[in-house]
Protein chains: 2
Amino acid sequence: MVKAPIEFYFDFSSPYGYLAAHRIDDVGTEAGREVLWRPILLGAVFKATGQSPLVSQPLRGPYHLHDLQRTARRLKLPFQLPDDFPMATIAAARAFYALEASSPTDAKRLALALFDAAFQRGINISATETVLGLASEIGLDPARLEAGIKDNAVKQRLKAETDGAIARNIFGSPLFVVDGEMFWGNDRIPDLHDWLKTGGW
Amino acid sequence: MVKAPIEFYFDFSSPYGYLAAHRIDDVGTEAGREVLWRPILLGAVFKATGQSPLVSQPLRGPYHLHDLQRTARRLKLPFQLPDDFPMATIAAARAFYALEASSPTDAKRLALALFDAAFQRGINISATETVLGLASEIGLDPARLEAGIKDNAVKQRLKAETDGAIARNIFGSPLFVVDGEMFWGNDRIPDLHDWLKTGGW
């Protein structure tokens, strides 16, 4: 029997999501689980929870910036916070779903390229042209992708994923769901790993 | 040269603080560091950060309750959330500082008794009489402790610790500071442990 996948919810504007995106597929491979990447619009989620992005919060913001740098060093990943932060990520998320229908692999490749552009090179990835330019850099067809981003079905898909995430109590990024069990945060990936390895506790 | 202590900031109403209180002294012992317990009033901190207690937050609350139960199982600690939650913890925190001046060991014993009463037995520890009763249970003199709780110097001490914590950007519970490095959350104790063991990264 095929084991249920790991669902990986994130917003492209989430720096801990960037760190998690470089780790989660390895956890899935080791556990024999597919990892379904699920970009959502966290702004809509924050409206529902009354929260705000971590690094914008008084007192918490400076801690999280320091913690991001510290965690990235430990994971041996480059890290910088873009000047324009948080960023609008609707074009990035639509581009993901536009690709995913025909090639989940290309969708993940683009997702990593977008994350790396934002959090390794400090690029504001909000604009559709920026997303298309980064897609070109990794060999994807920008004209086809642009049509996908503008496709009504793709727009509806992103809305449905975000609404569905709120309905499932997905309140942050990154957040993982597997076998009905939720793990919130890049720092809980070891817990998720151990849960899958041991069958839970 | 004596190594700097680990400062352990918490509020007695913090369920993750309860879990951390059962673990942090072992980390200190292994690293050859004293652990200074620093109860503060998180309500004053939340006013400064605009946040609210985790389990009171829409969407996040149910997750954190589940995560607390799951984490407690993993740590093999009993856990329940008191019916009256969050609780006022001014009497508990004053009792800690009243004892600490003469016996840090007794202060920690009382702190653990208070945490266990709240999160193992579901007792609302807000009232001074409850704090005194729990102190009696572990062999402390309730009359002397009551005088301490009412002592103006003790009240000022708690206020100074809470104000000082806000000034140092202590925004949550549990939160650890060592060698100028902050670690937030029970789930970051392994990071703190590794940081002290390796000298950081």
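Residues numbered from 1 in each chain as written. Chains lettered and ligands numbered in written order. Predicted model: local features only at pLDDT ≥ 70, side-chain atom pairs only at ≥ 80, totals over all residues. Heavy atoms only, no water.

A count of helices and strands for chain A gives 10 helices and 4 strands. Reading chain A from its N end, one meets helices and strands in the order β-α-α-β-α-α-α-α-α-α-α-β-β-α. Computed over C-alpha atoms, the radius of gyration of chain A comes to 16 Å, within 12% of the 17 Å expected from 2.2 N^0.38 for 201 residues, which places it in the range of a compact globule. A principal-axis box enclosing the C-alpha atoms of chain A has dimensions of 50 × 45 × 35 Å. Looking at chain A residue by residue over its 201 residues, the buried ones come to 51%. Long-range pairs, those at least 24 residues apart, make up 71% of the contacts in chain A with a sequence separation of at least 6. Per element, the accessible surface of chain A, about 8600 Å² overall, is 53% carbon and sulfur. Taking the 22 positively charged and 24 negatively charged side chains of chain A as two groups, their mean positions are separated by 2 Å. (Helix = DSSP H or I, 4+ residues; strand = E, 2+ residues; numbered from the N terminus. Rg over C-alpha atoms; globule rule 2.2 N^0.38 Å. Buried < 20%, exposed > 50% of the residue type's maximum accessible area, 1.4 Å probe, protein only. Contact = heavy atoms within 4.5 Å. Areas by Shrake-Rupley, 256 points an atom, 1.4 Å probe, with all protein chains shown as cover. Lys, Arg positive; Asp, Glu negative; His and termini not counted. Charge placed at Lys NZ, Arg CZ, Asp CG, Glu CD.)

What follows deals with the interface of chain A and chain B. Each partner contributes to the interface: chain A provides 33 residues, whereas chain B provides 33 residues. For the pairing of chain A and chain B, the buried interface totals around 3200 Å² over both sides, and the portion due to carbon and sulfur atoms is 49%. The tally of links between chain A and chain B comes to 10 salt bridges. One can count 20 residue pairs in polar contact (both at pLDDT 80 or more) joining chain A with chain B. Of all elements in the fold, only helix H3 (42-49), helix H4 (60-75), strand E4 (181-184) and helix H10 (189-198) of chain A reach the threshold of two or more residues within the side of chain A that touches chain B. (Buried area = accessible area lost by both parts, 1.4 Å probe. Salt bridge = Lys/Arg side-chain N within 4 Å of Asp/Glu carboxyl O. Polar contact = N/O pair within 3.5 Å; in protein donor to acceptor, adjacent residues only side chain to side chain.)

All right, on to the environment of Ala118(B) then. All names here are of chain B. Within the secondary structure, Ala-118 is located in helix H6 (residues 104-121). According to the relative accessible area criterion, Ala-118 is buried, its value standing at 0%. Sequence separation of Ala-118 and Asp-163 is 45 residues, and the distance between their C-alpha atoms is 25 Å. Apart from residues no more than four positions distant in its own chain, Ala-118 is found in contact with Gln-80, Pro-82, Met-87, Ile-123 and Ile-125.

A word on the packing of helix H6 (residues 104-120) of chain A against helix H7 (residues 128-137) of chain A. Residue and element names in this part refer to chain A. Viewed as axis vectors pointing N to C, H6 and H7 meet at an angle of 115°, and their least axial separation amounts to 10 Å. Considering how the two elements wind past one another, H6 and H7 form a crossing that is right-handed. Within the contact between the two elements, H6 uses Leu-110, Leu-114 and Ala-117 and H7 uses Val-131, Leu-134 and Ala-135. Grouping the amino acids of the contact of H6 with H7 by side-chain chemistry returns 6 nonpolar, no polar and no charged. (Axes fitted to C-alpha atoms, helices over the stretch in contact; angles between N-to-C directions. Left-handed = near helix turned anticlockwise from the far one by under 90°. Nonpolar A, V, L, I, M, F, W, Y, C, P; charged D, E, K, R; others polar.)

Turning our eyes to something else, we now look at the pattern of salt bridges. Side chains that differ in charge, positive against negative, can pair when their charged atoms come close. Counted by the stated rule, this structure contains 38 salt bridges over all chains. Residue Arg33(A) is joined to Asp179(A) by a salt bridge in which the shortest nitrogen-to-oxygen separation is 2.9 Å. With Arg33(A) in the loop between helix H2 (24-31) and strand E2 (35-39) and Asp179(A) in the loop between strand E3 (175-178) and E4, this residue pair connects regions lying 146 residues apart in the sequence. In this structure Arg33(A) comes out as buried when scored by relative accessible area, which is 13%. Between Glu146(A) and Lys150(A) there is a salt bridge, with its nearest N and O atoms 3.2 Å apart. Remark: Lys150(A) and Glu146(A) occur in helix H8 (residues 142-150); sequence separation between them is 4 residues, near one turn of the helix. One continuous salt-bridge network, built from bridges that share partners, spans Asp67(A), Arg70(A), Arg74(A), Asp187(A), Glu181(B), Arg188(B), Asp191(B) and Asp194(B).

Residues and elements named next belong to chain A. Between helix H5 (residues 90-100) and H6, the shortest axis-to-axis distance is 7 Å and the interhelical angle comes to 160°. Relative to H6, the element H5 lies roughly antiparallel. Between H5 and H6 lies a crossing whose hand is right-handed. Residue-level contacts link Ala-92, Ala-95, Phe-96, Leu-99 and Glu-100 of H5 to Pro-104, Asp-106, Ala-107, Lys-108, Leu-110, Ala-111 and Leu-114 of H6. (Parallel < 35°, antiparallel > 145°, perpendicular 65-115°, else oblique.)

Expressed as a screw operation, the relation of chain A to chain B combines 0.0 Å of axial shift with a rotation of 180°, fitting to an RMSD of 0.0 Å. Viewed as a symmetry operation, the transformation between the two copies matches a two-fold axis. (Least-squares fit on C-alpha atoms with pLDDT ≥ 70 in both.)

Turning next to the sheet that holds E3(A). Residue and element names in this part refer to chain A. Spatially, 4 strands are ordered E2-E1-E3-E4 in an open sheet, and the strand pairing comes out mixed. The open sheet has two edge strands, E2 and E4, and neither has a second partner. Neighbouring strand axes in the sheet, compared pairwise and without regard to direction, differ in orientation by 20° on average. Strand direction decides the pairing type here: strand E1 (residues 6-10) and E3, joined by 3 bridges, are antiparallel. Looking across to E3, one finds that Glu-7 is bridged to Val-177. (Pairing = 2+ DSSP bridges.)

Cis peptide bonds are those with omega within 30 degrees of zero, and the linkage from Phe85(A) to Pro86(A) qualifies with -5°. Structurally, Pro86(A) is set in the loop between H4 and H5. Residue Asn169(B) is not a glycine yet carries a positive backbone phi of 70°. You can see Asn169(B) is positioned in the loop between helix H9 (152-167) and strand E3 (175-178). Of note in this structure, Asp179(B) is not a glycine but carries a positive phi near 50°.

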